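# Fold and geometry: a report
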Amino acid sequence: MQILPDLDILAPVSSAPDARGIDQPHTVAAAPAASGEKRVLIETYGCQMNVADSELVASILGARGYGLTEDEADADVVLINTCAIREKAEDRVRGRLARFRAQKKDRLASGEGDLTIGVLGCMAERLRTKLLDQEKLVDLVVGPDAYRDLPRLLEETGETGQAAVNVQLSREETYADLTPVRYDTNGVSAFVSIMRGCDNMCAFCVVPFTRGRERSRPVTSILAECAQLVDAGYKEITVLGQNVNSYHDEASGASVSFAELLYRISRLSPELRVRYSTSHPKDCSDELLHVHREVANVCDFIHLPVQHGNTDVLRRMRRTYTREHYLDLIDRARAIVPGVTFSTDIIAGFCGETPEEHADTLSLMERVQYDHAFMFFYSERPDTFAARKYEDDVPEEVKKARLSQIIALQNSISAVKNDAMIGRREVVLVEGTSKRSDDQLKGRTDGNHMVVFDRARGLQKGDYAEVLITGSTSATLFGDVTRATTLEAANAASGEVVAI
Ligand code: 5AD
Ligand code: SF4
């Protein structure tokens, strides 16, 4: 699957090894709880998929009278939605659990009442015995397919004082009928989950074990959720799945491909930008590339994780494509979709990686010229093919040194590419105020570049503006607003097809 940014997989490249921010918590919750309600704090680690799951959890609990809080001191229940993708992510969650455990003890000792602590998501299945029996850190362990059971489990642990567990994975659950509670949103961009699980079994990846078999959500429920978002004023939807290219709506009997699904979402409004993540290179189809080319409001940006630049390593990783196949795909995409931008995921120091193999990753990056990259060093995960069959034999210092080289190269590529954008006019969707200053706004281009610019009169979050790019760093573009616009008008002016 592919993991996400300040939980934003779509964030620009950063020089930090955890560029996708998956090890930083995404804390939560704007909706105030009514008095008398039990208050839940949800802390989310990992990918955007986990953020989307926390929104489902908020919806399930909200329907049963639980309110949300972002204040630890105010919470009756703390739920940590966990990530198991790398060891570091797990370590952070354990640290948080120990802290909440100490709070629980203090509360009980001072007669302030209880604090129920739950672990949700990817760490649930693997660590349940440890967390429950050995470390006695939690009251509740709930896997990613068992969230509907949460209210019952909360009641059970409340009544019995015993830990409650459901880590059953499902072949069917897609939570299709639930409307996520978007409690931590800019009101402009939303994520919509279209499938769960993964059948790919990449040698390094724990996701197929933690999130189970791949299943697609029915197209009707996806379109209904997207239409609601459009009605609520959202202007950008990113559809999510571990491998969106293998989307197929089995439930409806209609054979709807991912390309067709994207097209249908794009038809909901000419003012809606549509993005997706993540695309596996092995089955990124020409049909999909033609949707990029022909449908103006499907953004011409593709997150296409390569993982490595050497064919032998790709084979050991069980990625099922070669360096040449990947490069052909990039060339084909560039030929079909003029101006398309790419981001990627790269792993340094996979089992058996030689200096020459590592050099192939660097040369592939030079050749592709990614706009952004999310870069990691290999971390062995239990149960995976790599853990069972290969030796994790690249020393940590070597992994880190190679990762630093990869990051330095990507930063220099991003700096040059961003610099080349100076003088261009880009259509930017305004997402809100810039972190740097209240006098500045920020927004993204179609190609997913973040742009910071001075506030222009009347311009608000959710508006589109044409911005002249005047400056850049490796991570950010700077510009001046030249005019407010609509997406439809901007696409018509650029000669892109608005409706087909
Ligand atoms: N070690 C390091 N990085 C990993 N990823 C997945 N599993 C591992 C691992 N064991 C990275 C891959 C994937 C991204 C989401 O996380 O690059 O695409
Ligand atoms: Fe992505 Fe491969 Fe992991 Fe599936 S197994 S989530 S395709 S990295």
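Source: prediction; values computed, not measured.

### Examining the packing of helix H2 (residues 87-109) against helix H3 (residues 124-134)
Across the interface, H2 lies against H3 with an axial gap of 13 Å and an inter-helix angle of 35 degrees. Judged by the twist between their axes, the crossing of H2 over H3 is right-handed. Here Glu90, Arg94 and Leu97 of H2 lie close against H3, whose contacting residues are Arg126, Leu127, Lys130 and Leu131. Its residues assigned to classes, the contact of H2 with H3 comprises 3 nonpolar, no polar and 4 charged.

### Looking at H2
In a regular helix each residue adds 1.5 Å, so 23 residues correspond to 33 Å; H2 covers 33 Å between its end C-alpha atoms and thus fits that length. Residues Ala89, Glu90, Val93, Arg94, Arg96, Leu97, Phe100, Gln103, Lys104 and Arg107 constitute the buried set of H2. Looking at the buried positions of H2, the neighbouring elements they touch are strand S1 (38-44), strand S3 (77-82), strand S4 (116-121) and H3. Backbone geometry just after H2 places glycine 111 at a positive phi near 70 degrees.

### Overview of the domain arrangement of the protein
Much of the literature gives interface size as the accessible area that the parts lose upon coming together. Splitting the protein by domain gives domain 1 (27-166), domain 2 (189-414) and domain 3 (425-494). Summarising the inter-unit geometry, the C-alpha centres of domain 2 and domain 3 are found 26 Å apart. On the domain 3 side, the residues contacting the 18 residues of domain 2 number 17 residues. Of the roughly 1,500 Å² buried between domain 2 and domain 3 on both sides combined, carbon and sulfur atoms contribute 45%. Of all residues in domain 2, the largest losses of buried area upon contact with domain 3 belong to Lys235, Glu271 and Arg273, amounting jointly to 39% of the total for that side. Viewed at the interface, domain 3 and domain 2 are joined by 0 salt bridges.

### Section: the pairing of strand S18 (residues 464-472)
The side chains of a regular strand alternate between both faces of the sheet. Note that strand S15 (residues 425-433) and S18 share 5 bridges and pair antiparallel. Residue pairing for S18: arginine 425 is matched across the bridge by leucine 468. In this sheet, strand S19 (residues 477-485) lies alongside S18 in antiparallel orientation, the contact comprising 8 bridges. Bridge pairing links glycine 471 to phenylalanine 478 in S19. A loop of 4 residues connects S18 with S19, the two strands running antiparallel in sequence.

### Some details on the sheet that holds strand S2 (residues 66-68)
Hydrogen bonds between backbone atoms are what pair the strands of a sheet, whose relative direction is either parallel or antiparallel. Across the sheet, 6 strands lie side by side as S2-S1-S3-S4-S5-S6; this open sheet has parallel pairing. Pairing within the sheet leaves two strands with one partner each, and these edge strands are S2 and strand S6 (164-166). With direction set aside, neighbouring strand axes in the sheet form an average angle of 25 degrees. Alignment of S4 against strand S5 (residues 140-142), held across 3 bridges, turns out to be parallel. Opposite valine 119, over in S5, you have valine 141 as the bridge partner. Most of the contacts of helix H4 (residues 150-160) go to S5, to which it runs at about 160 degrees, and overall it touches S2, S3, S4, S5 and S6.

### What to know about the pattern of salt bridges
Counted by the stated rule, this structure contains 36 salt bridges. Between glutamate 55 and arginine 182 there is a salt bridge; the shortest N-O distance is 3.7 Å. Linking glutamate 55 in helix H1 (residues 48-62) with arginine 182 in the loop between S6 and strand S7 (189-193), this pair joins segments that are 127 residues apart in sequence. The burial state of glutamate 55 is the same as that of arginine 182; both residues are buried. Residues glutamate 426 and arginine 424 are paired through a salt bridge, measuring 2.9 Å at the closest nitrogen-oxygen approach. Residues joined in a network through salt bridges with shared partners are Asp53, Asp145, Arg196, Arg211 and Arg215.

### Focus on the packing of aromatic side chains
The tally for this structure, following the rule as stated, stands at 7 aromatic pairs. Here the aromatic rings of tyrosine 321 and tyrosine 326 are separated by 6.0 Å at their centres, their planes lie at 35 degrees, and the arrangement is tilted. In this structure tyrosine 321 comes out as buried when scored by relative accessible area, which is 4%. Ring geometry for phenylalanine 350 and tyrosine 390: centres 5.9 Å apart, planes at 90 degrees, overall edge-to-face. One end of the pair, phenylalanine 350, is in the loop between strand S13 (341-348) and helix H11 (355-368); the other, tyrosine 390, is in the loop between helix H12 (385-389) and helix H13 (396-419), with 40 residues separating them in the sequence. Pairwise contacts between aromatic rings join Phe204, Phe350, Tyr378, Phe385 and Tyr390 into one cluster.

### Some words on the UniProt feature "binding site: [4Fe-4S] cluster 1" (unreviewed entry) in the protein
Taking the UniProt record as the reference, the feature "binding site: [4Fe-4S] cluster 1" (unreviewed entry) is found at Cys47, Cys83 and Cys122. These residues run over 76 residues, yet every pair of their C-alpha atoms falls within 10.6 Å of each other. Residue position: cysteine 47 is located in the loop between S1 and H1. Overall, cysteine 47 belongs to the buried group, its relative accessible area being 2%. Note on placement: cysteine 122 falls in the loop between S4 and H3. Overall, cysteine 122 belongs to the buried group, its relative accessible area being 8%. Cysteine 122 has contacts with Thr82, Cys83, Ala84, Thr210 and Arg211, leaving out every residue within four places of it along the chain.

### Considerations on the sheet that holds S7
Strand order across the open sheet formed by 3 strands is S7-S10-S11, with parallel pairing between neighbours. Either end of the sheet is taken by a strand with one partner, and the two such strands are S7 and strand S11 (273-277). The average angle at which neighbouring strand axes cross in this sheet is 25 degrees, direction not considered. The sheet contact formed by strand S10 (residues 236-240) and S11 spans 5 bridges and is parallel. Paired with isoleucine 237 across the strands is valine 274, a residue of S11.

Rules and cut-offs
Residues numbered from 1 in each chain as written. Chains lettered and ligands numbered in written order. Predicted model: local features only at pLDDT ≥ 70, side-chain atom pairs only at ≥ 80, totals over all residues. Heavy atoms only, no water. Axes fitted to C-alpha atoms, helices over the stretch in contact; angles between N-to-C directions. Helix = DSSP H or I, 4+ residues; strand = E, 2+ residues; numbered from the N terminus. Left-handed = near helix turned anticlockwise from the far one by under 90°. Contact = heavy atoms within 4.5 Å. Nonpolar A, V, L, I, M, F, W, Y, C, P; charged D, E, K, R; others polar. Expected span 1.5 Å × (residues − 1). Buried < 20%, exposed > 50% of the residue type's maximum accessible area, 1.4 Å probe, protein only. Domains from an automatic or database assignment. Buried area = accessible area lost by both parts, 1.4 Å probe. Salt bridge = Lys/Arg side-chain N within 4 Å of Asp/Glu carboxyl O. Pairing = 2+ DSSP bridges. Phe/Tyr/Trp six-rings, centres within 6.5 Å; stacked < 30°, edge-to-face > 60°. UniProt positions renumbered as here; feature names shortened; annotations may be inferred.

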